[in-house]
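Below are the chains, spelled out letter by letter.
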Amino acid sequence: MRFNNKELVSLAHSGVFDKEGPLLMKDKLDGLFKKGEEYQKRYLRLKGNLLFYFKDKDRSVSSELPLGVLVIERCAVELDLESVDFGFLLVYEGEEYTYKFQAPSEEERDDWIQKIHTASYECLKMQLQSLREQIQAKTGRDPITQPPPTEFGMEFETQSGNANDDPALEICLSCKDLPNDINGQAPNPFIVLSTIVPPQQTWIQHSNTEVVEASNDPQFLKTIGFGDKEGVDINMRVKIMVYHVKERLTGTMSQLGHAIFTLQDVLMNVEMKTTLRLVGPDPLDCGTVTIMAWVNDTNLSLSHAESGTSPKKPAIVRHRSKRVDTLRPHYKNIITRTFRFDTTNGDVKLLVHEYMGESILTFDIPMQLLKLWIEEEKHVLSQLQDIGQLPLEYESDQISMITVSASIVSKYTDLLNKLSSHQGPCFKASVKKADKDLEFVPLNLHLQRMTVINEEKNTTGWYDMITVGAFTAYAQKYKHGGLSRLLSQLQDSYSTENNTVTNLSVACDLVNSIYDLKMSISKDCDSLCKVAVNGTGEELTAMADSLQKRVRKLVEKCETPLVQNTADEFNRIKEEMTRSSKKLSPDSDSGDNTNDGVPNGDVKPGNNWKWSGTDFVKSSSTEPWEMTRLNTEAAAMCLISLVDDLVLNKNGSLDRTSWLDEISPAVSKMKSFLEIVYQKILLIVMFLNIKESRGNSRLMHIVRYRRDVCFSHALTTLVSGFVTKLTTSISSEDFLKQLQEIGLFCQFEGLLSCHGDEMGMIEDYCVAIDDLKFVSFQFVKTEELDASPTVFQDGHFKSGAFGDFHRHCVSVNVPLEEEMFSKLPTKLQRGGKVPVTPVLFNIGINEQASLADKIGDTSLQERINAENVAKVFTYLDNYEQKLGSLDKGKSGQGTINDLKNKLHYNTTTKKSKNTDVLKLASEICRKIHGIRITSCKSAKDRTSMSVTLEQVYILQQEHDLASHVFTQALDCFRSEGVRRENTFKNIGSRKYAFNSFQLLYVPKLYRPPNGTYGNVQG
């Protein structure tokens, strides 16, 4: 056995001993020449399972070293009836030597035997097992494997709160005159409720309240629900246990008192209110508890009242609207919580409901996008093949781009199949954020709704917030940064126009302009035929002039230097390839050197050859760009001359039927040339793309894939938020007019830090949000009750600073039933598009943000906030120009002008963790009917702190929440609200993933209450 001498000596001289005293112990004789053993005086000390013995020479042993120590394990203590009086033996298993002791009296001997017998670990283990069996026999529960709950708010969960239906009956609780603790301090009250329905014999834990700090007269904010849509058994007995929470972190509590009542006791009361006296463990006054109840739109039957009692007057029923019904078409697994708050006017109460649900679009929108992108990549492959073979300086990049597009098609097809077969909840948990099979699915996407009912005024307010993890390609990591950094690297490799805008960005804008002109000219052609039948000569002339101007503008676009120079270079390369191939293969025209369309030898003719996937093969000839442009102009002139003939003979003998027969081929020819021009311009820009991207094919692939992932997250979140907003605001004429005239406003709140991986997340996040400006919404009428939004290409390419010739803008068709569709403005009913104005404000709030402020670089956050302030101001100016002032003549604090000035000031002021920016931005967003979206890394911890704080701000500003319950309401939302369920859904624990060190650096208003956080694995 190994031991440390110093530690043993310390144990022998310190602390409390189980027993100590003098005994005679048979030991070796002292002295060099003395042999044998005899009983000698020894001083013994028993501590735990260690028995120390010292010399006894009539002096203190406080400083002496012990002669030895015996470990009381695997040994037996027995009476010694043969050697001496009052003797006992210590016999060890497997050893021949026996330790012998003699006590001064029989009582002392028996006491030593008892103490030594119970000192061993084996004896203590047997005692523990015996006590364990006794407790299990009395309670029916093993105290070790099934311990009673000790952590409030974690083990106690409201049964009705996890249901998709509102409870049939709810109660709120308050206490009065609770006793102080032993130190004379006011208690921290906490109530646990248990229920039993006769003839059941066992109480079942039902729910709990929040903890109220230091109060003898607590008013609990969380309400308790009973029953469901089928009703409630009013004979249910409810036991209220009131505790004083001594330590929130450990959940240490002591009982103050309890009371028992039945639901019938409350329901049969005229005011649906009753007060009970608490019965404590001691015969002392423990205070009272008051129960107040209300019914949630359910007709409760009182037929279960005890027989023999006379009928009583029906109770006053307090109703609430079932707000959860409006969520069910778009959300699943809806969780509800209810609270009751005081206002500044103490007689008025606020009934507050929290809802949280999973969007049914979480997987649907990513799958639709993958299908679109697969088709886009196939189109890119077709264009790359249509270009034909290029010289060696371009050929490797062309083949590399073909390979990249083919790999994307394969990868996206595989991911689409996996998402299609997905089974499980309608959200991606934070523990799966690195799962590459779910990479295109947004992280932890939920709606959080708060409804507020003022019982005095009978008014209701709705407040929706979307919570989602940051739009980032987490599985791709951040070794080389996020999207904005990668796109900047890619842009630096491109040639520029006047050293400002890259040629590819100019080309994307140009293609979009040509697409718009193509669509406008096609529309003019159709309108021309209609006017020719029923219109006047003036209308025909105006239509012809419009058509001519647009065709002229189209030709001018096609003659821009970038297009012309690229087309000339492309034609020159093709001609050189043709001449080179003819010199090397003079008999190529006779067909003697070909075999099944594939040239013999290693030389491939450069004119009109396509890549087949393994080699270049012969394709049909193509028309020169100059000829295409001239043919388009000629077709337009031909069409206009026919119109002129009709106008000149408007009052003559011209046969309109014959004229229409003559003009129809001209219109078809015009449209055909328009399509040819558009396809040719796409081919030219594709060649420019190859030319500009030389050597960057791998980086282009990384950027495109990463951008697709982030955009999938952003679009899914936006569509979920818009569909919800539309459902709640369809009856608001102001909101619908705003959609028609200005478009949708969407404000994103980021809580990411400019440090470590989160810097890369911000770089992904800001690009994904900026890409939402390429999204528009349209409305379609439907008769299907469960129709979902559909995503489709709108014909334009992503343009701007980070233009992308491989990705189109998208539109989203939102299906509406006849009742809702009829409320839309006429323009929107006819297919008008709703543009999107996305803005992002980001403020880091954790310990990494402190590092970034002290030793890092927060310039990205500052630039993002400054740029988005300008976007907000532009939208507000546009709003006031088209719809009038939002302030409606008001001035002072809380007006739009006041909020604008404060937001501008706070974004230009250098201040660490300036969360006022987020508060002001959210207030502006609500005033202009925008969509609020909040994100951190996983939308679980920091996001929970932010949305709960926003809810309390709303209650304070909009509903006159009493100032003295501000902190209590904030803690109540965070400890008993739906956000605790969100953490459980993500990581299997109802704790926020903060530790005490991190909270030192988190702003005070963003800190969770004690007992709701800790180190968790997830």
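Presented here is an overview of the structure given in this document. (Residues numbered from 1 in each chain as written. Predicted model: local features only at pLDDT ≥ 70, side-chain atom pairs only at ≥ 80, totals over all residues. Heavy atoms only, no water.)

### Observations regarding the overall build of the chain
- Along its length, the chain carries 25 helices and 31 strands.
- A burial count over the chain gives 52% of its 1018 residues as buried.
- A sequence separation of at least 24 residues applies to 70% of the contacts in the chain between residues at least 6 apart.
- Total accessible area computed for the chain in this model is approximately 47,500 Å², and 49% of it derives from carbon and sulfur atoms. (Helix = DSSP H or I, 4+ residues; strand = E, 2+ residues; numbered from the N terminus. Buried < 20%, exposed > 50% of the residue type's maximum accessible area, 1.4 Å probe, protein only. Contact = heavy atoms within 4.5 Å. Areas by Shrake-Rupley, 256 points an atom, 1.4 Å probe, with all protein chains shown as cover.)

### Some points on the nonpolar core
- Core analysis: the largest hydrophobic core is formed by 148 residues, its most contacted members being Leu715, Leu726, Leu739, Phe777 and Phe779.
- Beyond its immediate sequence surroundings of up to four residues, Leu715 is in contact with Ile365, Leu369, Leu772, Val775, Val791, Val810 and Val812.
- Counting residues in hydrophobic clusters, the runner-up holds 53 residues, among them Leu350, Ile845, Tyr953 and Leu961. (Core = buried A, V, L, I, M, F, W, Y, C linked by side-chain atoms within 4.5 Å.)

### Brief notes about the side chain of Glu439
- Along the polypeptide, Glu439 turns up in the loop between helix 6 (392-420) and strand 18 (446-454).
- Buried within the structure, Glu439 lacks any salt-bridge partner; its nearest side chain of opposite charge belongs to Lys411, at an N-O separation of 5.7 Å.
- Side-chain polar atoms of Glu439 contact the side chain of Gln476, separated by 2.5 Å.
- At a separation of 3.0 Å, a polar atom in the side chain of Glu439 contacts the side chain of Tyr705.
- Aside from chain neighbours lying at most four places away, what touches Glu439 is Lys428, Ala473, Ala475, Gln476, Tyr705, Val709 and His713. (Lys, Arg positive; Asp, Glu negative; His and termini not counted. Salt bridge = Lys/Arg side-chain N within 4 Å of Asp/Glu carboxyl O. Polar contact = N/O pair within 3.5 Å; in protein donor to acceptor, adjacent residues only side chain to side chain.)

### With respect to the sheet that holds strand 9 (residues 189-196)
- Strand order in the open sheet formed by four strands is 10-9-12-13, with antiparallel pairing between adjacent strands. With partners counted over all chains shown, the strands left at the sheet margins are strand 10 (204-208) and strand 13 (252-262), one partner each. Strand-to-strand twist across the sheet, computed as the mean angle between neighbouring axes with direction ignored, equals 25°.
- Pairing geometry for strand 9 and strand 12 (residues 237-247), over eight bridges, is antiparallel. Bridging across to strand 12, Phe190 finds its partner in Tyr243. (Pairing = 2+ DSSP bridges. Axes fitted to C-alpha atoms, helices over the stretch in contact; angles between N-to-C directions.)

### Topic: the sheet that holds strand 5 (residues 75-80)
- Ordered in space as 4-3-2-1-7-6-5, the seven strands form an open sheet in which the pairing is antiparallel. Two strands in the sheet have a free side with no partner beyond their single neighbour: strand 4 (68-71) and strand 5. The sheet shows a mean angle of 35° between the axes of neighbouring strands, direction not considered.
- As paired strands, strand 2 (residues 37-47) and strand 3 (residues 50-55) are joined by six bridges and run antiparallel to one another. For Arg45, the partnering residue across the bridge sits in strand 3 and is Phe52.
- Packed on one face of the sheet, helix 1 (residues 5-13) meets strand 2, strand 3 and strand 4 and runs near 80° to strand 3.
- On the sheet, helix 2 (residues 106-117) packs against strand 1 (19-28), strand 2, strand 3, strand 5 and strand 6 (87-92) and is oriented at approximately 95° with respect to strand 1.

### Quick word on helix 7 (residues 483-492)
- If you check which residues of helix 7 are buried, you get Leu483, Ser484, Leu486, Leu487, Leu490 and Gln491. When helix 7 is viewed along its axis, its buried side chains cluster within an angular range of 160° and face the same direction. (Arc of directions from axis to C-beta.)

### Considering the packing of aromatic side chains
- Throughout the structure, instances matching the rule amount to 24 aromatic pairs.
- On the basis of an interplanar angle of 20° and a centroid distance of 5.2 Å, the ring pair of Phe88 and Phe101 is categorised as stacked. Pair noted here: Phe88 is in strand 6 and Phe101 is in strand 7 (residues 98-102), with a separation of 13 residues, a long-range link.
- Among the residues examined, Phe88 registers a relative accessible area of 1% and is labelled buried.
- Their ring planes at 50° and their centres at 6.0 Å tell us that Tyr953 and Phe966 sit as a pair that is tilted. Within this pair, whereas Tyr953 is found in helix 22 (residues 942-959), its partner Phe966 is found in helix 23 (residues 966-976), the two being separated by 13 residues in sequence.
- Take Tyr953: its relative accessible area is 18%, and that puts it in the buried class.
- Over the face of the ring belonging to Tyr953 we find Lys919, whose NZ or CZ atom lies 4.9 Å from the ring centre. (Phe/Tyr/Trp six-rings, centres within 6.5 Å; stacked < 30°, edge-to-face > 60°. Lys NZ or Arg CZ within 6 Å of the ring centre and 35° of its normal.)

### Describing the pattern of salt bridges
- Scanning all chains against the criterion turns up 46 salt bridges.
- With a closest N to O distance of 2.9 Å, Arg45 and Glu20 form a salt bridge. Taken together, the residues span a long stretch of sequence, with Arg45 in strand 2 and Glu20 in strand 1 at a distance of 25 residues.
- With relative accessibility at 10%, the residue Arg45 sits in the buried group.
- A salt bridge links Lys671 to Asp526; the nearest nitrogen and oxygen atoms lie 2.6 Å apart. Pair noted here: Lys671 is in helix 12 (residues 656-692) and Asp526 is in helix 8 (residues 503-534), with a separation of 145 residues, a long-range link.
- With a relative accessible area of 29%, Lys671 lands in the partly exposed category.
- The partly exposed category is assigned to Asp526, whose relative accessible area is 37%.

### As for the pairing of strand 18
- For strand 18, a buried count of nine out of nine residues is recorded, marking the element as mostly surrounded by other parts of the structure.
- Residues His446, Gln448, Met450, Val452 and Asn454 point to one face of strand 18 and Leu447, Arg449, Thr451 and Ile453 to the other, with burial holding for every one of them.
- Pairing of strand 17 (residues 349-359) with strand 18, which is carried by nine bridges, proceeds in the antiparallel orientation. Directly across from Gly357, in strand 18, lies its bridge partner Leu447.
- Sheet topology places strand 18 next to strand 19 (residues 459-467); nine bridges connect them, and they run antiparallel. Residue pairing for strand 19: Asn454 is matched across the bridge by Thr459.
- Where strand 18 hands over to strand 19, the hairpin turn is made up of four residues, of which Asn458 adopts a positive phi near 55°.

### Overview of a nonpolar patch on the surface
- A contiguous nonpolar surface patch, about 330 Å² in accessible area, is contributed by Phe997, Leu1000 and Tyr1001.
- Within the secondary structure, Tyr1001 sits in the segment after helix 25 (996-999). (Patch = residues over 30% accessible without salt bridge, like charges linked within 9 Å, V, L, I, M, F, W, Y side chains within 5 Å.)

### Some details on the pairing of strand 8 (residues 169-176)
- The buried fraction of strand 8 is high, at seven of eight residues.
- Taken together, the three bridges between strand 8 and strand 11 (residues 224-226) define a ladder with antiparallel strand orientation. Following the sheet pairing, Ile171 is matched in strand 11 by Ile224.
- With eight bridges joining them, strand 8 and strand 15 (residues 288-295) adopt antiparallel strand pairing. Within strand 15, the position partnered with Cys172 by the bridge is Met292.

Purely spatial values, then, with no claim about function.
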